[in-house]
Every structure is written in structure tokens, then in C-alpha cells.
Amino acid sequence: MQDTPPSVPDFTQWPSFPFEGELRVKQLDDPVPVEPPRRGEEDRECTACNAPDEAYIWVGERWRVRTMDRPTGLPMVLILESRSHLDLGDLPNLLAAELGVMTVRLERAIRSLDGVARVHVNRWGDGSAHLHMWFLARPYGRLQLRGTFLSLWDSILPPISEEQWRENLAMVAAWLAEFGGRPLAEPPRIRWQAPSSLSSPAPTDTIEEPDEETASVIEAADEIPEAEPVGPADDTDDDPPSAHTPDGDPRDADGGPATGDAGPTALNGDAEPATGSAGPNRE
């Protein structure tokens, strides 16, 4: 006799729940005796330690901020990463204190954008051993998006325009740079062309290109458990490419060749002068 699946939980009736219709709860799999290594653990490569600074919108001596590889449904989705290959519980006191400062600073930068009501800060970490914090901006007035399902709504909403997305990234990067570090995101260029004549151009046939698939916080996250191999195991690594590359998936991607870790600096100043003491080791 098969087990009767449990009834759906009460949160499926919340106004913020993105789905409707008949739902069923999956049967819970048996626990595994040993969990598989995350990216950056054991012999698995850490993509965060291998990504160049150019893959980020802002970089400092001990922290970097990156984004998805294309516009998202939410006004802004950003990831704060440590340069050092450390997880949350491994942070020394200095970096732990700086994490608090950087979290508040980045939240304020995102909240300064037009049309942003709240900024949700999340940490999952099931796909990567390299510390990364998620910052999701909720659009102002969208009360249905309040609460814990915001990351699901990001993949449901139509993406914002690339021009607005790049402008938002540049504004956040410039805001962070006011307190030190280096902004790498640039605002979109103004596209203009002087007309060759005053007459109206003849209409031309245009070929509509298919819409590109929307970037998804959930799909992009390496938090999604990887499927167990069906056949005999081999030595090939089919990990998805880094989120920092044009065809990569972001969320839990661990990125790049961190440049040298400098010693402690005051985050409240206008710059980040290096003191010369070595920071934590990175992979």
C-alpha cells in the first residue's frame, strides 16, 4: 500500500504564492549517507575563485559584487561574494564584521533605485562552498510579490529592458564606489544617428528574432540538486559554465582568479588603502 502524500501546506493559499490549480506534494526521498561535495569542495573546481574582476560590477580588496548574465524579472538581482575562498561560518572576525557593513551598504544602494520598495537578502549555499549572499529587489507597489516567494516570481515576471538593467547596475556600482573599491559596470551608451535626409525612410521588412529565455534566480542557482548519473559513472565534469560568462548560469557559480587579498581597511572611508598584511588564503 502506497503512502498517502500529505495535503498541500497552507502557504499555497497565500496571495504571494505564484501558482494556482491542483497541486500535489512530492514524496520525500530517503536521506543519503554522504552528501556530494559542493563546488569548491574536495576536487571540485571553484568558479568564484577563477572568475576575473571584469566579470563583476564592483570589486574591492576583499569583496566583489556580480549579477546575472542578462536582465531579470525583478529590478535588480545581485550577489555579494568574498574574495577569499571561505564559507559563512569560516569568516574571521574582521571579514564577519565587514560582511555586515557590506550587506547594509549594498541594500541601501539597491533600495536607492527608482521603483524598488524592499531588498530581500538571502543565503543558501547548497551549490557552492564559496560565500555568496543574494540581494533581490522587490518592485514598489507589487504587494503580491512580498515575502518568501520573491525568487520564484523573478523567473515568472517578464525581464526588464536591457537599457534599464544596465543603468541600474551602473548606479549601484557607482554608489558602492563612493566608499571605496572600483566600479566596473557602465551605463548604456546613447544610440543616435543623424538622418541622411529629412524624408521618411522607406519601410523595410524586419525579421523578428525569438525572445531569449529569461534568466532565472532559481534555475541559475547551483543550489538545485544535481541529478544522480543513471549509467556508470565517468570522470567528465558536466557542471554548467560560470554565471559570469554570457552563456553561463549564475546563482551559485563561483567565480574567478581573485587578485591578492590585502589586509584590513576601513570600509567607512572614501577609499580602500591596502595595509600590506596578507588576508585569508583562497583556493
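To start, this report covers the structure provided alongside it. (Residues numbered from 1 in each chain as written. Predicted model: local features only at pLDDT ≥ 70, side-chain atom pairs only at ≥ 80, totals over all residues. Heavy atoms only, no water.)

## A closer look at a nonpolar patch on the surface
Defined as follows: Note on patches: the residues involved have over 30% relative accessible area and no salt bridge, like charges join within 9 Å, and the nonpolar side chains Val, Leu, Ile, Met, Phe, Trp and Tyr join within 5 Å. For every accessible area listed, the method is Shrake-Rupley and the probe measures 1.4 Å; residues are considered covered only by the protein chains on display. Between Lys or Arg on one side and Asp or Glu on the other, a salt bridge is scored when a side-chain nitrogen of the former is within 4 Å of a carboxyl oxygen of the latter. For helices the rule is a DSSP run of H or I covering at least 4 residues; for strands it is a run of E covering at least 2, with both sets numbered from the N terminus onward.
On the surface, a cluster of nonpolar side chains totalling about 310 Å² of accessible area is made up of V8, F19, L23 and I156. Residue position: F19 is located in the segment before α1 (47-50).

## Brief notes about helix α4 (residues 162-177)
Note the following rule: Take the number of residues in a helix, subtract one, and multiply by 1.5 Å to get its expected span. Classification of residues uses two cut-offs on accessible area relative to the type maximum, computed with a 1.4 Å probe and protein chains only: under 20% is buried, over 50% is exposed, and between them is partly exposed.
Over its 16 residues, α4 runs 22 Å from end to end, which matches the ideal 22 Å to within 8%, given 1.5 Å per residue. Among the residues of α4, W165, N168, L169, A170, V172, A173 and L176 are the ones counted as buried.

## Things to note about helix α2 (residues 93-111)
Quick reminder of the rule: Two residues form a contact once any of their heavy atoms are found within 4.5 Å.
Its 19 residues give α2 an end-to-end C-alpha distance of 27 Å, which sits within 8% of 27 Å, the value for a rise of 1.5 Å per residue. Of the positions making up α2, those classed as buried are L95, E98, L99, M102, T103, R105, L106, E107, A109 and I110. Where α2 is buried, its residues contact β1 (58-59), β2 (63-67), β3 (77-82), β4 (116-122), β5 (132-139) and α4.

## Quick notes on the pattern of salt bridges
On inspection of all chains with the given rule, the structure shows 11 salt bridges. The closest approach of N and O atoms between R64 and D53, which form a salt bridge, is 2.8 Å. On the criterion of sequence distance, the pair formed by R64 in strand β2 and D53 in the loop between α1 and β1 is long-range, its members being 11 residues apart. Residue classification places R64 among the buried residues on the basis of a relative accessible area of 1%. A salt bridge links R111 to E107; the nearest nitrogen and oxygen atoms lie 2.9 Å apart.

## A closer look at the packing of aromatic side chains
To keep it simple, the criterion reads: Pairing of aromatic rings covers Phe, Tyr and the six-membered ring of Trp, with a centre-to-centre limit of 6.5 Å; geometry is then stacked below 30 degrees between planes, edge-to-face above 60, and tilted otherwise.
Taken as a whole and assessed by the stated rule, the structure comprises 8 aromatic pairs. Arranged with centres 6.1 Å apart and planes meeting at 65°, the rings of F11 and W14 form a pair that is edge-to-face. When its relative accessible area of 33% is taken as the criterion, F11 is described as partly exposed. With 5.7 Å between their ring centres and 80° between their planes, F17 and F19 make a pair best called edge-to-face. With relative accessibility at 12%, the residue F17 sits in the buried group. With a relative accessible area of 43%, F19 lands in the partly exposed category. Joined through ring pairs, the aromatic side chains of F11, W14, F17, F19 and F149 make up one cluster.

## Remarks on the packing of α2 against α4
Axes are the key here: two packed helices are described by the angle between their axes and the distance separating the axes. Heads up, the rule is: Fitted lines through C-alpha atoms give the axes, limited to the stretch in contact for helices. The angle between two N-to-C directions lies from 0 to 180 degrees. Roughly parallel covers angles under 35 degrees, roughly antiparallel covers those over 145, roughly perpendicular covers 65 to 115, and oblique covers all other angles. Should the near helix be turned anticlockwise from the far one by less than a right angle, the crossing is termed left-handed; should it be turned clockwise, right-handed. Amino acid classes used here: Ala, Val, Leu, Ile, Met, Phe, Trp, Tyr, Cys and Pro are nonpolar; Asp, Glu, Lys and Arg are charged; the rest, including Gly, are polar.
Relative to each other, α2 and α4 sit at 140°, their axes nearing to 9 Å. Between α2 and α4, the interaxial angle falls into the category oblique. Note that α2 runs across α4; the crossing there is right-handed. Residue-level inspection shows R105, L106, R108, A109 and I110 of α2 in contact with α4, the latter providing V172, W175 and L176. Taken together, the residues of the contact of α2 with α4 sort by class into 6 nonpolar, no polar and 2 charged.

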